[in-house]
Number of protein chains: 2
Amino acid sequence: MTKQGKRQYAIVGVGGVGGYFGGRLAQAGLDVKFLLHSDYEHVREHGLTVKSHVGDFALPKIEAYRDVREMGVADVVIVCMKTTRERLLGELLPPLIGDDTIVILIQNGIGVEADVAEMLPGVRLVAGLAFICSTKTGPGEIWHQFFGNINFAPYNIDAKEVEPIVEDFALANVQTRIMGYEEARWKKALWNIPFNGLSVVLGMQTDGLTRGEAAKICRAIMDEVKEASHALGVADETGKWLIGDEECDKMMAMTQKMPAYSPSMRVDYDNGREMEIEYLYRRPVKMAQEAGVRMWKTEMLTMELEAIEERMKENG
Amino acid sequence: MTKQGKRQYAIVGVGGVGGYFGGRLAQAGLDVKFLLHSDYEHVREHGLTVKSHVGDFALPKIEAYRDVREMGVADVVIVCMKTTRERLLGELLPPLIGDDTIVILIQNGIGVEADVAEMLPGVRLVAGLAFICSTKTGPGEIWHQFFGNINFAPYNIDAKEVEPIVEDFALANVQTRIMGYEEARWKKALWNIPFNGLSVVLGMQTDGLTRGEAAKICRAIMDEVKEASHALGVADETGKWLIGDEECDKMMAMTQKMPAYSPSMRVDYDNGREMEIEYLYRRPVKMAQEAGVRMWKTEMLTMELEAIEERMKENG
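Residues numbered from 1 in each chain as written. Chains lettered and ligands numbered in written order. Predicted model: local features only at pLDDT ≥ 70, side-chain atom pairs only at ≥ 80, totals over all residues. Heavy atoms only, no water.

Caption draft 1: View of the environment of A:Arg7. Residue and element names in this part refer to chain A. Within the secondary structure, arginine 7 is located in the segment before strand E1 (8-12). With a relative accessible area of 10%, arginine 7 lands in the buried category. Residues arginine 7 and aspartate 168, 161 residues apart in the sequence, show an inter-C-alpha distance of 8.5 Å. A distance of 3.4 Å separates a polar atom in the side chain of arginine 7 from the backbone oxygen of proline 164. (Helix = DSSP H or I, 4+ residues; strand = E, 2+ residues; numbered from the N terminus. Buried < 20%, exposed > 50% of the residue type's maximum accessible area, 1.4 Å probe, protein only. Polar contact = N/O pair within 3.5 Å; in protein donor to acceptor, adjacent residues only side chain to side chain.)

Pasting the structure below:
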């Protein structure tokens, strides 16, 4: 850390996730800078308003920026941008990164850390797996519906280095856990791969997707994610698979108990925004195939999403 | 045939297809009885009105029935009912069938003849493959948009026996052709399997399905139909496959040239009617699998259609 005691945070991407976690850290009195884009003017004037199932709060004044060059180096950079603009990180991150900076990618999918490490050699990365249902409902306006914890999974640094960040999040009333990188990414994928794509193609929310025939498809796709993780060697130190049938069943049961929810890809689709097909679908499908496993249903789902997105773009 | 010269026709199911072909036969002066259900009262009073790209016509008076027992035995029974009520044929057909009656099933899918032959042992069957875009737009009101020919494919009778029927259809200005059973059914399936299901799942008409990413899915599913037909031995007498890449490419090119069209399954879905999933999807997928070929994308599409239909039924 570049300073003793108080770490500087930079939040890159202030949507439902970045707005909520960044807001909680700022609310706890931590030093948090926010990089904004379209909402910059509004947020600089009015700050952030968060409606949350664990307590609403407002931050009338936050450190809002629209140019990374004005933000300076941070101790912790939290990236909450959609992966559809992943290439942008090659330009956005360098001004924020010093020798000791830790970059946490709270992003969906498989392969984001590898790509960022390739864009920015030497960058110190942690995967952030947010289990949260939170959306931006207007400029500077966040609606945190349920859940709200994060798993930190160090990609190329020691877990010990993440512990001070865990403490800051505890101050901010956000529950976190440090876990293994592969386990964290693939357990998140176990939820993301079935529910995100199918919510778009079948036009259902999680309540519909966890019942009857739709639930059979979700479970079958979970099986494919499970098989892919095995082919890619996602196991603990004793060689035991980290994703088995039990994990799939638990994930289904947990989702069934959730209130009806639109996964982020569905929200993107409904708002005419590009979908995160690359890291959520193409990448894991390709990695599995290279490891000798075909994710047949996921492949079909990927093609369907590509077709739907192509038509969405045509229609403006 | 039970009579010389003038054959008696019975049309079972008077929607876009039955209404058009039955109407053309009646217009040509042939003896045609129509079995109606919901439209009976209206059609008995007002007859049939056909708007057709090869010439509109009206039949103010047709032989309309609502009970097969009043219709008597016919020389030719043409079944144009949806396969979703296939079991009904076990009750509907017997009063119409004499020793020499030929039953033509103008229905979609794979396996309908085998099922009807099992329900009604000894029945003399011909598959009717209609290449026609025609829909019922109101009671007794048919809109024939384009195409309009039929292939007759004898299932368990000699092709010669179908020739008089070909002549009657020629009188009625409907072009027909006699072809081999397996070839006919599988070439129709080559169109039906991609375009029907995807029009529902992707929410596109044929114009959208034949472009870009969607076209890739259609073509990939055609490949699966092709492979399935090979596994099931659909070949000519020299052993040459009847469905190859050339047939797939031709089918895509032909569909691309068509005006935008909603396949029948999409029309059913849009009207909240049960979809023909059994004979168009489950059956060929099962037959292929038993022959050692997995139709992976078609299997996923089948599951998606089942999920969509289940939800449609729930929503009434």
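Now that the structure has been shown, the text picks up again.
Caption draft 2: Main features of the nonpolar core. Residues A:Leu198, A:Leu202, A:Leu305, B:Leu198, B:Leu202 and B:Leu305 are the most contacted members of the largest nonpolar core, which totals 94 residues. Those residues within four positions of B:Leu202 in sequence are excluded, and the remaining contacts are A:Glu304, A:Ala307, A:Ile308, B:Leu209, B:Ala214 and B:Ile217. (Core = buried A, V, L, I, M, F, W, Y, C linked by side-chain atoms within 4.5 Å. Contact = heavy atoms within 4.5 Å.)

Caption draft 3: Broad picture of the relation of the copies chain B and chain A. When chain B is fitted onto chain A, the two copies agree to an RMSD of 0.0 Å after a turn of 180° and an axial shift of 0.0 Å. The superposition of one copy onto the other is thereby described by a two-fold rotation axis. Of the interface residues in chain B, 100% have counterparts in chain A that sit at the interface too, so the contact is made through matching surfaces. (Least-squares fit on C-alpha atoms with pLDDT ≥ 70 in both.)

Caption draft 4: Inspection of the packing of aromatic side chains at higher detail. All names here are of chain A. Following the criterion strictly, the structure yields 17 aromatic pairs over all chains and no others. An aromatic cluster is defined as three or more aromatic residues linked by ring pairs; in this entry it consists of Tyr9, Tyr20, Phe21, Phe152 and Phe169. Its end group placed over the ring of phenylalanine 131, lysine 188 keeps NZ or CZ at 5.4 Å from the ring centre. (Phe/Tyr/Trp six-rings, centres within 6.5 Å; stacked < 30°, edge-to-face > 60°. Lys NZ or Arg CZ within 6 Å of the ring centre and 35° of its normal.)

Caption draft 5: Structural view of the pattern of salt bridges. All told, the structure shown has 57 salt bridges over all chains when counted by the stated rule. Of the charged contacts in the structure, one is a salt bridge between B:Lys226 and B:Glu227, with a shortest N-O distance of 3.9 Å. With a relative accessible area of 37%, B:Glu227 lands in the partly exposed category. Overlapping salt bridges bring together A:Arg87, A:Asp115, A:Glu278, A:Arg282, A:Arg283 and A:Glu306 as one network. (Salt bridge = Lys/Arg side-chain N within 4 Å of Asp/Glu carboxyl O.)

Caption draft 6: Molecular detail of the pairing of strand E6 (residues 74-79) of chain B. Residue and element names in this part refer to chain B. Within E6, six of the six residues are buried, which leaves it mostly tucked inside the rest of the structure. Strand direction decides the pairing type here: strand E1 (residues 8-12) and E6, joined by four bridges, are parallel. Paired with alanine 10 across the bridge in E6 is valine 77. Bridge count for E6 against strand E7 (residues 97-105) is five bridges, and the pairing is parallel. What sits directly across from valine 76, in E7, is isoleucine 102. (Pairing = 2+ DSSP bridges.)

Caption draft 7: Structural view of the interface of chain B and chain A. Taken residue by residue, the interface counts 26 residues in chain B and 26 residues in chain A. Regarding the contact of chain B and chain A, the summed buried area is about 2,300 Å², with carbon and sulfur atoms giving 66% of it. Looking at the side of chain B facing chain A, the largest losses of area belong to B:Trp296, B:Met300 and B:Arg311, adding up to 26% of the total buried there. Our enumeration of links across chain B and chain A arrives at two salt bridges. Note that B:Glu314 is salt-bridged to A:Arg211, the shortest N-O span being 2.9 Å. Summed over the shared surface of chain B and chain A, the number is eight residue pairs in polar contact (both at pLDDT 80 or more). Broken down by secondary-structure element, the contributors of at least two residues to the side of chain B that touches chain A are helix H6 (181-201), helix H7 (206-209), helix H8 (212-231) and helix H12 (296-314) of chain B. For the side of chain B that touches chain A, the element with the most residues is H12(B), which contributes 12 residues. (Buried area = accessible area lost by both parts, 1.4 Å probe.)

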